[in-house]
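Commentary on secondary and tertiary structure
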Amino acid sequence: KVTVQKSNLTLAPPSPQFHMVIGQLDEGLYNLDFHYCENILPGNNRPYTLNVEVTEKNPGGYLSAAEIPLPRLYIFMAGVFFIIAMVWVYTLLKHRYSVFKIHWLMAALAFTKSISLVFHSINYHFINTEGHPIEGWAVMYYITHLLKGALLFITLALIGTGWAFVKYILSDKEKKIFMIVIPLQVLANVAYIIIESTEEGSSEYALWKEVLFLVDLICCGAILFPVIWSVFLILSVSLFPSAAMNLEKLKLFRHYYVMIVCYIYFTRIIAILLKVTVPFQWQWCYEFLVEVSTLIFFVLTGYKFRPASNNPYLQLPLDEEDVEMDEVVTESGMLEGISKVKKTSNGRERQKESTL
């Protein structure tokens, strides 16, 4: 139903209405365009009021053909993430003497991801049945989505800097990364909430979509900074002959750095390119690919940093020559905050001394 109100504008009929029925062979993306003919000529800018009431509904609900599979997809992936979170907690309890604080942070991230997907599925369910989201469920989804995003980037930054696994103290530069990433994550989630609650045709939608893309890009760059910096340190400090043993620890992280780059590159670029190239009814595959890639990334991260006495990521060299190496490296300003640790009889690693 389209209603145009203006004192000097005459339409026949005054409130035009039209009804369209689209079959399965004609399903796709449709646009409703409005043109005010009085303003076509250059220099004309006459005001007008436009009220549009549009009801779009498929036989199975209010979701489009590209969104119908999403509620089932989200609830299924929520169950999968919950299972791996329980397996991870069982692993932590089984190897409790080799557990670091960051291991529990990884568990919190997996549970938060699962809860976020549950609320996301419920939100889409009510959109499908009622035609609009229920405010309470939508708010719960936005809160858990905010926590999930913050935990994800914090965990990636902590592991990327080698905190807990290589060193126990973050340098000033690394602390500044968190001071940048956390507020940007809040801004990104605010932009996401505004995008979810506004129409695509509104000017706010286009503005906040650009803000979300820019902020997300900056956050990814901030996460990749410690990764690139750590690789630079590996190449630089390898010039010291006595640094070989401790550098072996950092070299292990090169594989994880590649994982981070591949995960960010796939979810931010490849998946989006696939979304715009596949047919309309298959665009839900974008969400499927993002969730599956996130699941694979979580599983590989957990496997690499699982608490176990024989895990090379959790073992530090014990030779005395490493102390000399720490002094040389610290004096040069590289690897600031790397700690010398010692294995106890029960297998748990404790901090012995910290080179500052």
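For clarity, every value in this text was computed on a predicted model and none was experimentally measured.

Let us look at a nonpolar patch on the surface. Together, Phe 18, Met 20, Ile 22, Tyr 30, Leu 32, Phe 34, Tyr 48, Leu 50, Val 52 and Val 54 give the surface a local cluster of nonpolar side chains, amounting to about 960 Å² of exposed area. Inspection of the secondary structure assignment puts Phe 34 in the loop between strand E1 (2-5) and strand E2 (49-52). The class of Phe 34 is partly exposed, set by a relative accessible area of 33%.

Before going further, it helps to spend a moment on the packing of helix H2 (residues 101-130) against helix H7 (residues 284-304). At a closest axis distance of 11 Å, the pairing of H2 and H7 adopts a crossing angle of 160 degrees. Taken as axis vectors, H2 and H7 run roughly antiparallel relative to one another. The way H2 lies across H7 gives a crossing that is left-handed. Here Met 106, Leu 109, Ala 110, Lys 113 and Leu 117 of H2 lie close against H7, whose contacting residues are Glu 291, Thr 294, Phe 298, Thr 301 and Gly 302. In terms of residue class, the contact of H2 with H7 is built from 5 nonpolar, 3 polar and 2 charged.

Bringing the layout of surface pockets into the picture now. When its volume is computed, the second largest pocket comes out at roughly 390 Å³. Along the walls of the second largest pocket sit 20 residues, with Trp 88, Phe 298, Val 299, Gly 302 and Tyr 303 positioned nearest its centre. Looking at the lining of the second largest pocket, the elements with two or more residues in it are helix H1 (70-94), H2, helix H3 (135-160) and H7. Sorting elements by how many residues they give to the lining of the second largest pocket places H7 first, with 6 residues. A per-class count over the lining of the second largest pocket returns 15 nonpolar, 4 polar and 1 charged.

The next thing to look at is the side chain of Thr 144. Take Thr 144: it is sitting in helix H3. On the basis of relative accessible area, Thr 144 is assigned to the buried category, the value being 10%. Looking at Thr 144, its side chain comes within polar contact range of the main-chain oxygen of Met 140, at 3.0 Å. With sequence-adjacent residues up to four places away left out, Thr 144 is seen in contact with Thr 112, Ile 115, Ser 116 and Phe 119.

What follows is about the packing of aromatic side chains. Using the criterion set out here, one finds 11 aromatic pairs in the structure. Taking 5.8 Å as the distance between ring centres and 50 degrees as the angle between the ring planes, the aromatic pair formed by Tyr 74 and Tyr 124 counts as tilted. One end of the pair, Tyr 74, is in helix H1; the other, Tyr 124, is in helix H2, with 50 residues separating them in the sequence. Judged by its relative accessible area of 1%, Tyr 74 falls in the buried class. The class of Tyr 124 is buried, set by a relative accessible area of 11%. Ring centres of Tyr 141 and Tyr 192 lie 6.4 Å apart, and the angle between their planes is 65 degrees; on these two criteria the pair is classed as edge-to-face. Of this pair, Tyr 141 sits in helix H3 while Tyr 192 is found in helix H4 (residues 172-197), placing the two residues 51 residues apart along the sequence. Classification of Tyr 141 as buried rests on a relative accessible area of 2%. In this structure Tyr 192 comes out as buried when scored by relative accessible area, which is 17%. An aromatic cluster is built from Tyr 256, Tyr 263, Phe 297 and Phe 305, whose rings are joined through pairwise contacts. Over the aromatic face of Phe 81 sits the side chain of Lys 113, whose NZ or CZ is 5.6 Å from the ring centroid. Against the face of Tyr 303 rests Arg 306, its NZ or CZ located 4.3 Å from the ring centre.

Time to look at the pattern of salt bridges. Applying the stated criterion to the full structure yields 1 salt bridge. Across the pair Glu 291 and Lys 113 runs a salt bridge whose closest N-O atoms are separated by 3.0 Å. Here Glu 291, found in helix H7, pairs with Lys 113, found in helix H2; they are 178 residues apart in sequence, far enough to count as distant. By relative accessible area, Lys 113 is classed as buried at 6%.

What follows covers the UniProt feature "transmembrane region" (unreviewed entry) in the protein. As recorded in UniProt, the sites labelled "transmembrane region" (unreviewed entry) are residues 73-93, 105-127, 139-165, 177-195, 211-235, 256-274 and 280-300. End C-alpha atoms of residues 139-165 are separated by 36 Å, and the span's content is 81% helix alongside 0% strand.

Attention now goes to the nonpolar core. Ranked by size, the top nonpolar core spans 48 residues in total, and within it Ile 159, Ile 223, Tyr 256 and Phe 297 carry the most contacts. In terms of residue count, H1 provides more of this core than any other element does, 9 residues in total. Residues contacting Ile 223, with those up to four places away along its chain left out, are Phe 153, Leu 156, Ala 157, Val 181, Ile 260 and Ile 264. Of all hydrophobic cores here, the second largest spans 5 residues; its members include Phe 119, Tyr 141, Tyr 142 and Tyr 192.

How each quantity is defined
Residues numbered from 1 in each chain as written. Predicted model: local features only at pLDDT ≥ 70, side-chain atom pairs only at ≥ 80, totals over all residues. Heavy atoms only, no water. Patch = residues over 30% accessible without salt bridge, like charges linked within 9 Å, V, L, I, M, F, W, Y side chains within 5 Å. Areas by Shrake-Rupley, 256 points an atom, 1.4 Å probe, with all protein chains shown as cover. Salt bridge = Lys/Arg side-chain N within 4 Å of Asp/Glu carboxyl O. Helix = DSSP H or I, 4+ residues; strand = E, 2+ residues; numbered from the N terminus. Buried < 20%, exposed > 50% of the residue type's maximum accessible area, 1.4 Å probe, protein only. Axes fitted to C-alpha atoms, helices over the stretch in contact; angles between N-to-C directions. Parallel < 35°, antiparallel > 145°, perpendicular 65-115°, else oblique. Left-handed = near helix turned anticlockwise from the far one by under 90°. Contact = heavy atoms within 4.5 Å. Nonpolar A, V, L, I, M, F, W, Y, C, P; charged D, E, K, R; others polar. 1 Å grid on protein atoms, 1.4 Å probe; cavity = no way out; pocket = protein on both sides within 12 Å on 5 of 7 lines; lining within 4 Å. Points joined across faces, edges and corners; volume = space filled by probe spheres on them. Polar contact = N/O pair within 3.5 Å; in protein donor to acceptor, adjacent residues only side chain to side chain. Phe/Tyr/Trp six-rings, centres within 6.5 Å; stacked < 30°, edge-to-face > 60°. Lys NZ or Arg CZ within 6 Å of the ring centre and 35° of its normal. UniProt positions renumbered as here; feature names shortened; annotations may be inferred. Core = buried A, V, L, I, M, F, W, Y, C linked by side-chain atoms within 4.5 Å.

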